Amino acid sequence: MSKNEGILVIGGGIAGMQASLDLADRGLKVYLIEKSPSIGGRMAQLDKTFPTMDCSMCILAPKMIECLRHPNITLLAYSEVQEVSGSAGNFTVKILKKPRFIDEDKCTGCGVCAQHCPVEVPNEFDMGLGFRKAIYVPFPQAVPLKCTIDEENCLKCGLCERICGAGAVDLDQQPEIVNLTVGVIIVATGFELFDSRRISEYGYGRYQDVLTSLEFERLLSASGPTGGHIVRLSDGRIPRRIVFIQCVGSRSQRGELPYCSSVCCMYATKEALLIKEHNPKCEVYILYMDLRVFGKGFQEFINKARDEYGVKYIKGRPSSIEKDPETGELLIRYEDTIEHGIREIEADLVVLCPALIPTRDNRKLAKILNIELDEYDFFKAEDTLLAPINTSAPGVFICGYCQGPKDIPESVAQASGAAARAAEIIASTPKGEVKNGSG
Amino acid sequence: MGVDEKARIGVFICHCGTNIGGVVDVPKVVEYAKTLPNVVYAEANLYTCSSEGISKIKEGIAKYNLNRVIVASCTPRTHGPLFRTACEEAGVNKYLFEMANIRDQCSWAHMHEPEKATEKAKDLVRMAVAKARLLKPLEEPEIDVTPSALVIGGGISGMTAALCLAHQGFKVHIIEKGPELGGMLKHLYRLYPTMEDASEKLNPIANAVKSNKGIDVLTSSVVKQVKGFIGNFEVTVQRGNGENTNLNVGTIIVATGAVDFEPVGMYGYGRYDSVITQLQLEQLLKKGELKRPERVVMIQCVGAREEKGRTYCSRICCMNAIKNALLIKELYPEADVYILFRDLQTYGREYEGYYLDARRGFIEFIKYTPERPPEIVSELGGKLTVRVYDSLLGSDIEIESDLIVLSTPLVPHEEAKELSQVLKVPLGPNGFFFEAHVKLRPIDFATDGIYVCGTAHSPKDTAESVSQAFGVASRAAIPLALKHLRTEAITAVVDENLCSGCGTCVKLCPYGAIEKDDMGIARVTEVVCKGCGVCAASCPERAIAMHHFTDEQVTAQALAALGRTFV
């Protein structure tokens, strides 16, 4: 039995983690729930972060571990919210803990099972560029560091069960229902990528050397499928010229997404700098609509890329990308709206910067939580200006990208904001004895 | 002092996936570590920072009865606290932990020379062992926290933070230098993107602040002096009547805002009455004093995004210009409005829609390049002609205009510099307050207990300032909610017998942690000291030592680096 001071945080990315840590640090009980096998979110997939070029995992990993180790945080990874009832100060939440088919208490995360598993499937963490096994740890710094068997692809051959020294494999594991009572709910479900296949003229999905920026980020990363080597996936050649295309599916007036994703100009610049650091001879072009340089240190970062590293910025939106069947080169046709005229540029690798969109699960979650979405499925703020973190339901708060496009520091600051709003509710709720814990 | 003969050292060497292991021969370094004095255990980990690695450290401590732990991996800046806590949880004082950075200093710096990188990793491990043998346990002093906060600045950010803190049950003091609350929003007419009336949004907040019993507001007041440290700040406030008031607070929030840049001498500003700033336009709109213009030209990035000087983009000006252009059109539909821009900053979910609305509303957007900026070419009968190279058309165009509105950036307050000195917190290159870490500590200062939000941090709009204000209302509440805090154990100690009272350290200490006592001897306020070591390095009498970095410990490391036998 404990006081009804618990907070449920939905989403284990940087926003959800920050909100959890702020609340836990002040002595409040937090349940951090994450649908995938590990917390870390999108930031875990990034190689570096703009404009400071911090190694993303290096600054993130300590926070992930802190979430795991914090005495006031209960981590529920590989879990989903199923039902919510009650109101601010007193929500009852039903959570589905999906079966990992692994006894988490026994698993050491050693990964020997994965070495023996015969099934290879595309690795989601590497945006499908690399492979993982049907039993897997999504990435080496995963928290919790436990294996998961992907039910969909598992052959049930039992090899892992025989090989596991800890005896942790449990192929008969059943889903578990966890019932919680909390005072506040914070939603931080982050973003997904717009499907670049929808802009068919860019050839994504058709040409192997047309990648999305997040795929390319994995290519840049030392923990990625190529060990940090920038190569063409079609032939393994080191690219001599890489072209970035901004606003793929965003700022669109023809039926895709009209809004600006806010972070692409800067992360493209970051990826361009990293290319130059890997290989100064590689030419890098960024085809943009407007350079979005509105944050602290952003303009200066672009100046550095342009003046010190020779990254070339061209204002123009490509009309098509075609592959020369003989040379394998990609031909990008675009209108240069400053120098004027229809131009063509050859590249051996093209990076598309797609619109970032709210996660698909938001609709389901909005129904469960009884909160409103906007026309794009971002969660709607109660008051755009003065209550940007509140939703239409009292006691339910939003932060990070699911509230609207924003970068990491904005997500972090807003996550702290959600923690403050949660603390207000907890402070105003009469403290009563409420049944709490798993059922 | 001296080597602890009973030191039992465990060494954990991290592969960091391939970050280290791909270059450094980690197993070789492990074998080498086992040969060093007092090392009773050594092992390699794929990722020492993983939960698996952390449990390995704890298991090692228990199994081999370790009383010193060394991790050879990455930087102590990010990972030190994690390993220290692991030691503590396993019963080893966390100051009996030492770290060797074999990633940054070996595998990264010498990635093309794996053998030499491995040798260097051995050197660093040997140095760490040399120091670990001399380490002493330290305790972190516990301090009580005054459960109240000070908010400097009574604009929308400061008021939002104050209300949120008050709702969490903490006492709040707001210090506002002006005669009343409200800040920048007092001067604004409508707020984008909702187009709501600024005073309709502002007044309920200001009234809520005034009527909240937990919030004390001091207007026409400035912070003159701040002494003390997190949990126990003593603040001297100078009131409008010249009197001083003293406040005791646990945490401090800087929400001092920013001001509009005055573009004197640019585009004829100051010379022609028809050249005004966006803020002046907004005030005319607010007062209903804007005379019917025939043709308005708005020029973006005036004094912003410069090659040198104000290099930054001021974030809010594009949306602000679009808002004011729409308001002019609403008032005078027949007026022509041009916006001359470089790159439109209509970012995010909603702002792009405003830009499209504005275009549909017959507002003309002309993209200019910084190489060929707009210029005023003639003046005739109160009308100014602006020439601009329209980069889309590829030619110069001239626009005769009876109102030119300059979009100028938000710039820091002149007083920001003084306040930064009073609080001993830094300003960034453009004069805005500089946060502890751009990505992950965006609203903290490096100095504990002091936080920043709103446009004091960098230009931002109302919704963004409010989000940050709620953010600091969490950060600043954490110490208040805890009631007690533990502070730094690695502090400076003065040897009274050696101190000559020269005062060098008093002047140099960036945290104001050293004062001279009645006897003229330097005294360190332990809880304020951050252990930076500036005082110890500059003391001419060598009277100051740093806990955890004593001369003896550092010398032992240096000798080990030179390959000398262990002393």
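Everything numeric in this text was worked out from a predicted model, so none of it was measured.

1. What to know about the overall build of chain A
Counting its secondary structure elements, chain A contains nine helices and 26 strands. Its C-alpha atoms put chain A at 70 × 60 × 35 Å along the principal axes. Burial status across chain A gives 64% buried among its 439 residues. Taking all contacts inside chain A whose residues are at least 6 apart in sequence as the whole, residues at least 24 apart take part in 66%. A total accessible area of about 16200 Å² is found for chain A, and carbon and sulfur atoms account for 49% of it. Separation between the mean location of the 50 positive side-chain charges and that of the 58 negative ones in chain A comes to 1 Å.

2. Quick notes on the overall build of chain B
Within chain B one finds 16 helices and 30 strands. With respect to the three principal axes, the spread of C-alpha positions in chain B is 90 × 60 × 45 Å. Residues counted as buried form 58% of the 567 residues belonging to chain B. Accessible surface, chain B as shown: approximately 23700 Å² in total, 50% of it carbon and sulfur.

3. Points about the packing of helix H1 (residues 14-25) of chain A against helix H2 (residues 56-69) of chain A
All names here are of chain A. Interaxial distance between H1 and H2 falls to 10 Å at its minimum, and their mutual angle equals 50 degrees. Considered as vectors, H1 and H2 are oriented oblique to each other. Considering the relative orientation of H1 and H2, their crossing is left-handed. Residues Ile14, Met17, Gln18 and Leu21 of H1 form the contact with H2, whose participating residues are Leu60, Lys63, Met64, Glu66 and Cys67. A per-class count over the contact of H1 with H2 returns six nonpolar, one polar and two charged.

4. Looking at the interface of chain A and chain B
Contact residues are listed per partner, giving 73 residues for chain A and 81 residues for chain B. The junction of chain A with chain B conceals about 6200 Å² of combined surface from both sides, 59% of it contributed by carbon and sulfur atoms. Summed over the shared surface of chain A and chain B, the result is nine salt bridges. For Glu410 of chain A, the salt bridge identified is with Arg315 of chain B, shortest N-O distance 2.8 Å. There are 30 residue pairs in polar contact (both at pLDDT 80 or more) connecting chain A and chain B.

5. What about the packing of H1 of chain A against helix H9 (residues 408-428) of chain A?
Residue and element names in this part refer to chain A. Look at H1 against H9: their axes get within 8 Å of each other, and the N-to-C directions meet at 40 degrees. Judged on the interaxial angle alone, H9 and H1 are oblique. With respect to the hand of their crossing, H1 and H9 are arranged in right-handed fashion. Side by side, H1 and H9 meet where Ile14, Ala15, Gln18, Ala19, Asp22 and Leu23 of the first sit next to Ile408, Ser411, Val412, Ala415, Ser416, Ala419, Ala422 and Ala423 of the second.

6. Description of the pattern of salt bridges
In this structure the tally under the stated criterion is 70 salt bridges over all chains. Taking the shortest distance from any N to any O, the salt bridge between Asp22 of chain A and Arg475 of chain B comes out at 2.4 Å. Remark: Arg475 of chain B occurs in helix H12 (residues 462-475) and Asp22 of chain A occurs in helix H1; the pair is interchain, linking two chains. Take Asp22 of chain A and Arg475 of chain B: they sit in the same class, and that class is buried. Between Asp357 of chain B and Arg360 of chain B there is a salt bridge, and its shortest N-O distance comes to 3.0 Å. Of this pair, Asp357 of chain B and Arg360 of chain B both sit in helix H10 (residues 351-360), three residues apart, roughly one helical turn.

7. Topic: the state of the cysteines
Under the criterion given, the structure shown has one disulfide over all chains. Cys402 of chain A forms no disulfide, and the closest cysteine sulfur to it belongs to Cys399 of chain A, at a distance of 6.3 Å. Free of any disulfide, Cys301 of chain B has its nearest neighbouring cysteine sulfur in Cys318 of chain B, separated by 6.1 Å.

8. Description of the sheet that holds strand E17 (residues 241-248) of chain A
Sheet strands associate in pairs through backbone hydrogen bonding, adopting either a parallel or an antiparallel arrangement. Residues and elements named next belong to chain A. The five strands lie next to each other as E16-E23-E17-E18-E19, forming an open sheet whose pairing is parallel. The sheet is open, and its two borders are formed by strand E16 (210-212) and strand E19 (312-315), each paired with just one other strand. Put simply, the sheet's adjacent strands are angled 25 degrees from each other on average, direction ignored. Direction of pairing for E17 relative to strand E18 (residues 283-288): parallel, over a ladder of five bridges. Counterpart to Phe244 in the pairing with E18 is Ile286.

9. Looking at the confidence of the model for chain A
Considering every residue of chain A, the mean pLDDT works out to 94; 97% of them sit at 70 or more. Note on residues 432-439 of chain A: pLDDT is under 50 here. Beyond four places in sequence and across chains, it has 20 contacts.

10. Some words on helix H8 (residues 362-369) of chain A
Since the α-helix turns once every 3.6 residues, residues separated by three or four places project in the same direction. Residues and elements named next belong to chain A. Among all positions in H8, only Asn362, Leu365, Ala366, Ile368 and Leu369 are buried. Along H8, the residues classed as buried sweep out an arc of 165 degrees about the axis, all on the same side. Of the exposed residues in H8, those oriented more than 90 degrees away from the buried face are Arg363 and Lys367. Of the surrounding elements, those touching the buried residues of H8 are strand E2 (7-10), strand E7 (79-87), strand E14 (184-187), strand E24 (356-358) and strand E25 (396-398). Looking one or two residues beyond H8, the residue adopting positive phi is Asn370, at roughly 60 degrees.

11. Side note on unusual backbone geometry
Here Phe50 of chain A and Pro51 of chain A are connected by a cis peptide whose omega angle stands at -15 degrees. Its location among the elements puts Pro51 of chain A in the loop between strand E4 (48-49) and strand E5 (54-55). Residues Tyr192 of chain B and Pro193 of chain B are joined by a peptide bond in cis, for which omega reads 0 degrees. Looking at the secondary structure, you find Pro193 of chain B in the loop between strand E8 (190-191) and strand E9 (196-197). Phi at Tyr78 of chain A takes a positive value of approximately 55 degrees, unusual for a residue other than glycine. By the secondary structure assignment, Tyr78 of chain A is in the loop between strand E6 (73-77) and E7. Despite not being glycine, His340 of chain A has its phi angle at roughly 75 degrees, a positive value. Here His340 of chain A lies in the loop between strand E21 (330-335) and strand E22 (342-347).

12. Some thoughts on the sheet that holds strand E21 (residues 383-390) of chain B
Residues and elements named next belong to chain B. Strand order in the open sheet formed by three strands is E20-E21-E22, with antiparallel pairing between adjacent strands. Of all strands in the sheet, those with a lone pairing partner are strand E20 (375-380) and strand E22 (395-401), marking the two edges. Across the sheet, the mean angle from the axis of one strand to that of its neighbour is 25 degrees, orientation sign disregarded.

13. Quick word on the nonpolar core
Core analysis: the largest hydrophobic core is formed by 266 residues, its most contacted members being Ile186, Phe216, Phe244 and Ile245 of chain A together with Ile253 and Met298 of chain B. Ile186 of chain A has contacts with Ile7, Leu8, Val9, Ile10, Ala19, Leu23, Phe397, Cys399, Ala418, Ala419 and Ala422 of chain A, leaving out every residue within four places of it along the chain. In terms of nonpolar packing, the next biggest core, distinct from the first, is built from 25 residues, Val81, Ile95, Ile371 and Phe379 of chain A among them.

Conventions used here
- Residues numbered from 1 in each chain as written.
- Chains lettered and ligands numbered in written order.
- Predicted model: local features only at pLDDT ≥ 70, side-chain atom pairs only at ≥ 80, totals over all residues.
- Heavy atoms only, no water.
- Helix = DSSP H or I, 4+ residues; strand = E, 2+ residues; numbered from the N terminus.
- Buried < 20%, exposed > 50% of the residue type's maximum accessible area, 1.4 Å probe, protein only.
- Contact = heavy atoms within 4.5 Å.
- Areas by Shrake-Rupley, 256 points an atom, 1.4 Å probe, with all protein chains shown as cover.
- Lys, Arg positive; Asp, Glu negative; His and termini not counted.
- Charge placed at Lys NZ, Arg CZ, Asp CG, Glu CD.
- Axes fitted to C-alpha atoms, helices over the stretch in contact; angles between N-to-C directions.
- Parallel < 35°, antiparallel > 145°, perpendicular 65-115°, else oblique.
- Left-handed = near helix turned anticlockwise from the far one by under 90°.
- Nonpolar A, V, L, I, M, F, W, Y, C, P; charged D, E, K, R; others polar.
- Buried area = accessible area lost by both parts, 1.4 Å probe.
- Salt bridge = Lys/Arg side-chain N within 4 Å of Asp/Glu carboxyl O.
- Polar contact = N/O pair within 3.5 Å; in protein donor to acceptor, adjacent residues only side chain to side chain.
- Disulfide = S-S within 2.5 Å.
- Pairing = 2+ DSSP bridges.
- pLDDT = per-residue confidence, 0-100.
- Arc of directions from axis to C-beta.
- Core = buried A, V, L, I, M, F, W, Y, C linked by side-chain atoms within 4.5 Å.

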